[in-house]
Each structure stands twice: as structure tokens, then as C-alpha cells.
Amino acid sequence: MTGTVAKPIIGIIGTGAIGGFYGMMLARAGFDVHFLLRSEFCAVAERGLQLDSAVHGALTLNPVQAYSAAKDMPPCDWLLVGAKTTSNADLAPAIVQAAAPGARVLLLQNGLDVEDSLRELLPDSLHILGGLCYICVHRAGPGVITHQALGKVQVGYHSGPAVGEQARVSIADEGTRLFQAAGIDANSMPDVQEARWQKLVWNIPYNGLSVLLGASTAPLMADTDSRELIKALMAEVVEGAIACGHQVPPGYAESLFAMTEKMPDYWPSMYHDFLGKRPLELAAIYARPLAAAKAAGCQMPRIEALYRSLSFIDRRNA
């Protein structure tokens, strides 16, 4: 690594809600953070990044080390990928251009097998890690981020040149410490794939139903029929995970359901993509889990119906 363990050079690939939030928190904690932007580059270069957080208050980062091209970034020891999974194939060249030798690439993305789909496009010398973000955050405008609640990050090693379990855990712990130094609740996870299945227990019902029913979490939780549908969808995800050989703690779905009842009213990220006429993350959040469960002999008919409905909506919305 080119930087020290304490203060590595950090690059943010995709400065939307997720990349912008965590990048700002790391920069505020004194880390050397560089932000790659596309459509919002001019706005952020001119006015900086603004965060309206119910947890951390109103924060501004200005000036921002902002770039419109990855080739102009310094070699980064850590690259945090906050862009949507729909753009992963296009992101690979940018990651290669911005990566220092032996860089750690942390995918802060939703869905299943996102690390596998990017692994084949990146050199073997780069470490790939999975990152799961438990946070209510969205873009309110160019360079403007609203943070409503939560913020925890889980980090797990996926693949790369690290040899042996101890080396893999050590690199995941490195990533965890970055977030902890920025005041973010974070922990390492031993099994990225298992953790991704567990996060799908929330993502599959709430993301899809927000688009299909045009409803945020509060009205979804207030209606008898949508509550029962959410529970049924959650149960199918748990069945799929177990069929694929993963553990889901007893009462896990119920705890996520109860947590959502206490959350502020929230529009999931898929609804924001739908509203902005951007492609929905259907492959990572629906198609891959469905295929994996089917290969393990498990049918998930409600999730299949939700996926087919969303696919129709996605094509029309394009």
C-alpha cells in the first residue's frame, strides 16, 4: 500500500448518496479522500458536498478533491464503490486506473454476487471486499445528501492475493477500522455471501414494493395487506438462503420488520432510481437470488412475481 495503515489514500467511485455520505464522514475524520463524479462534477467542484444528517447534523465539505476522470486521481489504497450494480461493467476501467498496487476495492452495494461479477473484470492483484450498508440515505440534489437514520457498515473479504484466513480477516478489519475512525458503527463479517442473503431479507420486499405500489415504508407498514405481503416475501428470502446453505438467525426477519416500524418514513433506493428513470437493480437483488435458490431446489413464487412485475415497469420506464 502506498499510504500508511492509519491514513491511506481513499477513492470514492460513484459519489451518490452512499459514496458521498461515507466519503464525507471519512474526509471529516482527516482521511485523504478523492471523489470521482460524472454528471454532478461541476456542481460539487463549485459548491462542495452538503450533508443534512439527522444523526450528525448539517455538514459541508468544501473544497472537495473532485475528479471527472479516474485517470486524474492519485493512486488510491482503498476504493469505495458506491455506484449502483447496474454500472459495474463500466466501472472496472475506472477502478483499475485509480487503484494503487494491491489496492482494496470495497463494494458498498446491494444484491447477490456483485463481487463475483466485478472480480472477472479486475486484475488478480486487487483485493475485493464486500460492504453492506444499513442506512437510510438519499440524494436530495446535485452534491446534496439527506441522511435520515442508521449508518452501520459490515465489511468482508471476498477475493484477491491475500493468502490464508488470517490475512483475509486482517484486511477486512482494516476496512472496519476506517469507518470506526470516522465515527461509523462497523464490523467485519466472515461470510460475505451469507451476509448478502441476510440483507436481501429487507431489500427484496421494501425496494420492490416501493416501486410496485408507489409507497414508502410508513404506508407499507400501516396497511394490513402490505404488511402480510412483506412478511411473506421475507419468509421466502429466508427459505432461499437456507436452501443455499446459509444461516439466518432465528427471528431475524421479525427483527428487521420491527426495526422498519421504528424507522422514519423512508423511500428505498430503488424508488429513487425509478423516479429518476435509471435502470433498476433487478439482476443483483432479484434475478441472482432467484436463480441461486432454484438451483438449490427452492422456489420463491412471490419474489418471482415481484421480479416479473418490476421487470415490466423497468422496461416501460426506460
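Residues numbered from 1 in each chain as written. Predicted model: local features only at pLDDT ≥ 70, side-chain atom pairs only at ≥ 80, totals over all residues. Heavy atoms only, no water.

### Considerations on the overall build of the protein chain
When you go through the protein chain residue by residue, the secondary structure sums to twelve helices and ten strands. The C-alpha atoms of the protein chain give a radius of gyration of 19 Å, which matches the 20 Å a tight globule of 318 residues would have. Dimensions of the protein chain along its principal axes, counting C-alpha atoms only, are 50 × 45 × 35 Å. Across the 318 residues of the protein chain, 56% fall into the buried class. A separation of at least 24 residues holds for 72% of the contacts in the protein chain among residues at least 6 apart in sequence. Total accessible area computed for the protein chain in this model is approximately 13,300 Å², and 54% of it derives from carbon and sulfur atoms. Positive and negative side-chain charges in the protein chain, numbering 25 and 30 respectively, have mean positions lying 3 Å apart. (Helix = DSSP H or I, 4+ residues; strand = E, 2+ residues; numbered from the N terminus. Rg over C-alpha atoms; globule rule 2.2 N^0.38 Å. Buried < 20%, exposed > 50% of the residue type's maximum accessible area, 1.4 Å probe, protein only. Contact = heavy atoms within 4.5 Å. Areas by Shrake-Rupley, 256 points an atom, 1.4 Å probe, with all protein chains shown as cover. Lys, Arg positive; Asp, Glu negative; His and termini not counted. Charge placed at Lys NZ, Arg CZ, Asp CG, Glu CD.)

### What to know about the side chain of arginine 119
Its location among the elements puts arginine 119 in helix H4 (residues 114-119). Here arginine 119 sits buried without a salt bridge, and the closest side chain of opposite charge, aspartate 124, lies 4.7 Å off (N-O distance). Only 2.6 Å separates the side chain of arginine 119 from the backbone oxygen of proline 123, close enough to count as a polar contact. Contact partners of arginine 119, with chain neighbours within four places excluded, come to Asp124, Leu126, Ile128, His158, Ser159 and Gly160. (Salt bridge = Lys/Arg side-chain N within 4 Å of Asp/Glu carboxyl O. Polar contact = N/O pair within 3.5 Å; in protein donor to acceptor, adjacent residues only side chain to side chain.)

### Re the packing of helix H8 (residues 224-243) against helix H9 (residues 252-262)
One way to put it is that H8 packs onto H9 with a least axis distance of 10 Å and a crossing angle of 145 degrees. H8 and H9 meet at a crossing whose hand is right-handed. Residues Arg227, Ile230, Lys231, Met234 and Val238 of H8 form the contact with H9, whose own contacting residues are Ala253, Leu256, Phe257 and Glu261. The residue inventory of the contact of H8 with H9, partitioned by class, reads six nonpolar, no polar and three charged. (Axes fitted to C-alpha atoms, helices over the stretch in contact; angles between N-to-C directions. Left-handed = near helix turned anticlockwise from the far one by under 90°. Nonpolar A, V, L, I, M, F, W, Y, C, P; charged D, E, K, R; others polar.)

### Focus: helix H6 (residues 192-213)
In this model H6 runs 31 Å from its N-terminal to its C-terminal C-alpha over 22 residues, within 8% of the 32 Å that 1.5 Å per residue would give. Leucine 200 marks where H6 bends most, by close to 40 degrees. Counting buried positions over the 22 residues of H6 gives 19, a clear majority of the element. (Expected span 1.5 Å × (residues − 1). Bend = angle between axes of the 7 residues up to and from the residue.)

### Thoughts on the confidence of the model for the protein chain
In this model, the protein chain carries a mean pLDDT of 95, and residues with pLDDT of at least 70 account for 98%. Contacts for the low-pLDDT stretch residues 1-5, under 50 throughout, to residues beyond four places or in other chains number 13 contacts. (pLDDT = per-residue confidence, 0-100.)

### Some details on the packing of H8 against helix H12 (residues 301-317)
Packing of H8 against H12 brings their axes to within 8 Å, and their N-to-C directions diverge by 110 degrees. Classified by the interaxial angle, the pair formed by H8 and H12 is roughly perpendicular. In contact with Ala232, Leu233, Glu236 and Val237 of H8, H12 contributes Pro301, Arg302, Ile303 and Leu306. Across the contact of H8 with H12, the residue classes break down as six nonpolar, no polar and two charged. (Parallel < 35°, antiparallel > 145°, perpendicular 65-115°, else oblique.)

### A look at the environment of leucine 80
Within the secondary structure, leucine 80 sits in strand E6 (residues 76-81). Apart from the residues within four sequence positions on either side, leucine 80 is in contact with Ile10, Gly11, Ile12, Ile13, Leu26, Leu106, Leu108 and Phe179.

### Comments concerning the side chain of threonine 15
With respect to the helices and strands, threonine 15 occurs in the loop between strand E1 (9-13) and helix H1 (17-28). On the basis of relative accessible area, threonine 15 is assigned to the buried category, the value being 9%. Of the polar contacts made by the side chain of threonine 15, one reaches the backbone oxygen of leucine 36; its length is 3.0 Å.

### Details of the environment of leucine 91
The residue leucine 91 is located in helix H3 (residues 88-98) in this model. Take leucine 91: its relative accessible area is 4%, and that puts it in the buried class. Along the chain, leucine 91 and alanine 140 lie 49 residues apart, while their C-alpha atoms are 24 Å from each other. Setting aside residues up to four positions removed in sequence, leucine 91 forms contacts with Ile13, Arg38, Val81 and Ala83.

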